Amino acid sequence: MPQGDYIDLHRKRNGYRLDHFERKRKKEARESLGIKGKMIAKKNYAEKALMKKTLKMHEESSSRRKADENVQEGAVPAYLLDREDTTRAKVCLFFLFNNTIKQKRKEKAGKWEVPLPKVRPVAEDEMFRVIRSGKRKTKQWKRMVTKATFVGPAFTRKPPKYERFIRPSGLRFTKAHVTHPELKCTFCLEIIGIKKNPNGPMYTSLGVMTRGTIIEVNVSELGLVTPAGKVVWGKYAQVTNNPENDGCINAVLLV
Amino acid sequence: MVKYNFKKITVVPNGKQFVDIVLSRTQRQTPTVVHKGDRICKLRSFYMRKVKFTESNFNEKLSAIIDEFPRLKEIQPFYEDLLHVLYNKDHYKLALGQVNTAKNKISKIAMDYVKLLKHGDSLYRCKCLKVAALGRMCTVMKGIGPSLAYLEQVRQHIARLPSIDPNTRTLLICGCPNVGKSSFMNKVTRADVAVQPYAFTTKSLFLGHTDYKCLRYQVIDTPGLLDREIEDRNIIELCSITALAHIRAAVLFFLDISGSCGYTIAQQASLFHNIKSVFKNKPLVIVCNKTDLMPMENLSEEDRKLIEEMKDEAMKTEMGASEEAVILEMSTLTEEGVMSRLLDQRVAAKMKSKKIGDHLNRFHVAMPKSRDDQERLPCIPQVAGEKEKRKTEKDLEDENGGAGVYSASLKKNYILAKEEWKDDIIPEICDCHNVADFVDSDILNRLEELTSEESLRKAEEEEVGFEIEGEELTEKEKNDLAAIRKKKALLIEESRLKKSNAQNRAAVPRKFDKDKKFTRKRMGRELSSLGLDPSSALNRARSKSRGRKRERYDDLSNDAMDVDVNDDEQHKKKKMCLRSKSRSLSRSRSVSRPPHEVVPGEGFKDSSQKIKAIKIGHKSHRKRDKAARRGEADRVIPSLKPKHLFSGKRGNGKNQRR
């Protein structure tokens, strides 16, 4: 009765089969055939490409390169240095002037620096689905939201007869996967509320989350502290994916 | 308790392979084609099916892993300890726990995404959701990759453990490394353990079996033990310690008195004293091995003293029986002594246990009651006592190497003309004839005889037929039997005749009497013309073929012949005639009473009173009937629109019946 390491024992006593190595070689060759072979080949190619890239990177640092001579703004060649540059001042002034105006405009508009400044606008018929109601199903004043929504913990529906916008419970989300841009790690944080939906104030009030929506998340997990010593527990984040297609909300923290 | 089979655990694929297997299965076994223009419910169900199918596959495979790997609490304590020593209980439990968590996570993912898929309104959206779901499941599997690799290693090792039964008769061989345990094992059993000159050749437990007195004994070979504290011991040594601790066996402690193993007797003695606590309640035999290298006499004084000490220790632990240190050189004799001691010990233990009552109750030795004081000894004829025991085949087998090595020669006792023919091989076909046909020289004659005998017997059987068992009937009995049979036949005939006689139907069937010529009258006329009195015949004919009202019919038929009867009367009589005719023709119809007939229980004095009462009754409801009002006897519908027939949704059916 074979016991313990009987395979090794047998090999030690009796050696390998006469055709052992040939069979082994053939078996390994067979692995490169078929759909599995294609997958293996693809993987190998990806690995090879990656390896080449890393090698090149390492080579770059070891080789020496010519230093880049950046030309400064407004730099003049030596033979023109003596001239007074009135135009430049004017240009400078002009630039300055422009800059402040732009900044002021921005502040007035309430625009902030966000990772996704522009998003594709979502049409109303894409956002809502018309629900027919009534005895003869002719009334069409009800709408059902087809995107991910957030309703908050204290939410209760209006009486079904009177609610105009239906937010299905299957599309309600409470948590978001938030990435910290500097730490490069992702946390699963609770949503506190919707700050702004770029498609319109109606969607903000409804709580619809599409790509580019600014949401407020509970960051007490991260343990951030203000310079004054207070604990930060809410921060803004911007949604970076289409939640209705992925089934989850991915966001980037706005620091 | 679940029965685990360590050798039949399914292979645990590693993380990547697992994912590949399940995903390719999903791709092959679910429908693959769906069109953008299809109905939305079809799209949704297509993708939901894929998600659910993948989830169920993962679930199935992970459950199989969790079920097949043994739970440490449910297996024997010996195996539990052994597995702990080999694989580390905590690591093992953690790995299985991770697999379980992964299973639950995958189920949750599938549930969530199926809920989301119900809200998918386009092909692209459903497809994205399905991709997300499968992707998340595969990420979960990636996370438990290391656990799966560990479990696969455990499975491979566990399948190769020897299947030791901790409850049966066992011998355990222990001692220092390189003392000759494995060589002993090889000699005594058929196990082929590797024997090498270096220490720690045996790295795990090995199992072999021997027979002694028709009982099977397990022999367990352990790796050598070093003289260390229990905490310092490595895994290999811990294996043997586990075996010593859990298995109730006879222990053979091997001692190498020649010192060729590399350890002196002193070192071996100290090892013995270190582990003697494990030998409690086990029959212990100290085996001094390698006496061919150094015979016992050449041992020095202190060595001998050490051995004596060990023997004393051993005798202390033994339960009362005396014990000898056995000096052995790989002979089978010592094995006998050991095993008989083990057997005794096992019997003693059984006698002490509580269940002995059950066993003893099953035995009952019947002793005949002595009727007088005379002593009657068993009488054994001298011849039987003198004759020496015949050598049996089993003894021969044992002598020549045991079962498997010696095969008994079945042709030994053949009686042949010449002795050297015994070993010849008998061919089956020779000269195009079957040899078996010519086994006997007059086989054809025998065949003839047999067939003739057979045919004779058959003929006899047919002749005899059925007879009263064994007895022959006498002449008189035979006659009686014939008479009885005849009478029986007659009776049968009579009853048949009765059944089909004139009481049930006309004596003359209708097909012969279409004109209805065969009447009673005609019969009467014919009979009177013959000169016989027809009245009795006529009466009998009437009584048997007609019903009750034969008098009336008679009168009527007579009256009908009369010419000068009143029209009214005739009319009345005709009416009555018709009625009575129809009545009497259909004998089986029941007749209701006429309304004026007085029935005794009703309470009327006479028929006129009854008629009056009926008239008053009719009068009382005549008015109401004329007014067509609903009465008590009319049908009432309690509710014209019952709720259960007019409410509720129904699919495609009607509401005639609900």
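As a reminder, the structure under discussion sits directly above these lines.
Residues numbered from 1 in each chain as written. Chains lettered and ligands numbered in written order. Predicted model: local features only at pLDDT ≥ 70, side-chain atom pairs only at ≥ 80, totals over all residues. Heavy atoms only, no water.

Colleague: I'd love a proper account of the environment of Tyr87(B), names of residues and values included.
Modeller: Residue and element names in this part refer to chain B. Mapping Tyr-87 onto the fold places it in helix 3 (residues 77-87). Distance from Tyr-87 to Leu-151, taken between C-alpha atoms, is 9.8 Å for residues 64 residues apart in sequence. Apart from residues no more than four positions distant in its own chain, Tyr-87 is found in contact with Tyr-92, Tyr-150, Val-154, His-157, Ile-158 and Leu-161. A distance of 3.2 Å separates the side chain of Tyr-87 from the backbone nitrogen of Ile-158, its partner in a polar contact. (Helix = DSSP H or I, 4+ residues; strand = E, 2+ residues; numbered from the N terminus. Contact = heavy atoms within 4.5 Å. Polar contact = N/O pair within 3.5 Å; in protein donor to acceptor, adjacent residues only side chain to side chain.)

Colleague: Requested: an account of the interface of chain A and chain B, with residues and values cited.
Modeller: Many structure descriptions define interface size as the accessible area lost when the parts assemble. At the junction of the two partners, chain A supplies 21 residues and chain B supplies 22 residues. Three residues stand out in chain A for area buried against chain B, namely Gln3(A), Arg13(A) and Asn245(A), and they jointly supply 29% of the buried area on that side. In this structure, Arg13(A) and Asp192(B) form a salt bridge, with 3.3 Å as the shortest nitrogen-oxygen distance. Here chain A is connected to chain B by 5 residue pairs in polar contact (both at pLDDT 80 or more). Elements that contribute at least two residues to the side of chain A that touches chain B include exactly helix 1 (6-14), helix 3 (34-62) and helix 7 (243-246) of chain A. Among the elements that take part in the side of chain A that touches chain B, helix 1 of chain A stands out by supplying 5 residues, more than any other. (Buried area = accessible area lost by both parts, 1.4 Å probe. Salt bridge = Lys/Arg side-chain N within 4 Å of Asp/Glu carboxyl O.)

Colleague: If you had to explain unusual backbone geometry to someone new, which residues and values would you point to?
Modeller: Residues and elements named next belong to chain B. Although it is not a glycine, Phe-200 sits at a positive phi angle of roughly 60 degrees. Along the chain, Phe-200 falls in the loop between helix 7 (181-188) and strand 2 (206-212). With relative accessibility at 23%, the residue Phe-200 sits in the partly exposed group. (Buried < 20%, exposed > 50% of the residue type's maximum accessible area, 1.4 Å probe, protein only.)

Colleague: Residue-level account of the sheet that holds strand 11 (residues 234-239) of chain A, with values.
Modeller: Residues and elements named next belong to chain A. On the basis of which strands lie adjacent, the closed barrel formed by 5 strands has the order 5-6-8-11-12 and mixed pairing. On average, each strand axis in the sheet is inclined to that of its neighbour by 55 degrees, with strand direction left out of account. Pairing of strand 11 with strand 12 (residues 250-253) involves 3 bridges; the strand directions are antiparallel. By the bridge assignment for strand 12, Val-239 is matched with Ala-251. (Pairing = 2+ DSSP bridges. Axes fitted to C-alpha atoms, helices over the stretch in contact; angles between N-to-C directions.)

Colleague: For the packing of aromatic side chains, give the residues involved together with the corresponding values.
Modeller: Note on aromatic pairs: each is described by the distance of the centres and the angle between the planes. Throughout the structure, instances matching the rule amount to 10 aromatic pairs over all chains. A ring pair is formed by Phe253(B) and Phe272(B), whose centres lie 5.1 Å apart and whose planes are at 70 degrees; its orientation type is edge-to-face. Pair noted here: Phe253(B) is in strand 4 (residues 250-256) and Phe272(B) is in helix 9 (residues 265-275), with a separation of 19 residues, a long-range link. Since its relative accessible area comes to 0%, Phe253(B) is described here as buried. An aromatic cluster is defined as three or more aromatic residues linked by ring pairs; in this entry it consists of Phe128(A), Phe165(A) and Tyr203(A). A cation over an aromatic ring shows up here: Arg169(B) above the ring of Tyr217(B), its NZ or CZ 5.6 Å from the ring centre. Its guanidinium or amino end placed over the ring of Phe518(B), Arg522(B) lies 5.2 Å from that ring's centre, counting from NZ or CZ. (Phe/Tyr/Trp six-rings, centres within 6.5 Å; stacked < 30°, edge-to-face > 60°. Lys NZ or Arg CZ within 6 Å of the ring centre and 35° of its normal.)

Colleague: If you had to explain the sheet that holds strand 4 (residues 165-166) of chain A to someone new, which residues and values would you point to?
Modeller: All names here are of chain A. Ordered in space as 1-2-4, the 3 strands form an open sheet in which the pairing is mixed. The sheet is open, and its two edges are formed by strand 1 (128-133) and strand 4, each paired on a single side. In the sheet, strand 2 (residues 139-145) pairs with strand 4 via 2 bridges, with the strands oriented parallel. Across the sheet, residue Arg-143 finds its bridge partner in strand 4, namely Phe-165.

Colleague: Tell me what's going on with the pairing of strand 11 of chain A, and back it up with residues and numbers.
Modeller: Here strand 8 (residues 214-218) of chain A pairs with strand 11 of chain A via 5 bridges, running antiparallel. The residue bridging Glu216(A) from the neighbouring strand is Tyr236(A), located in strand 11 of chain A.

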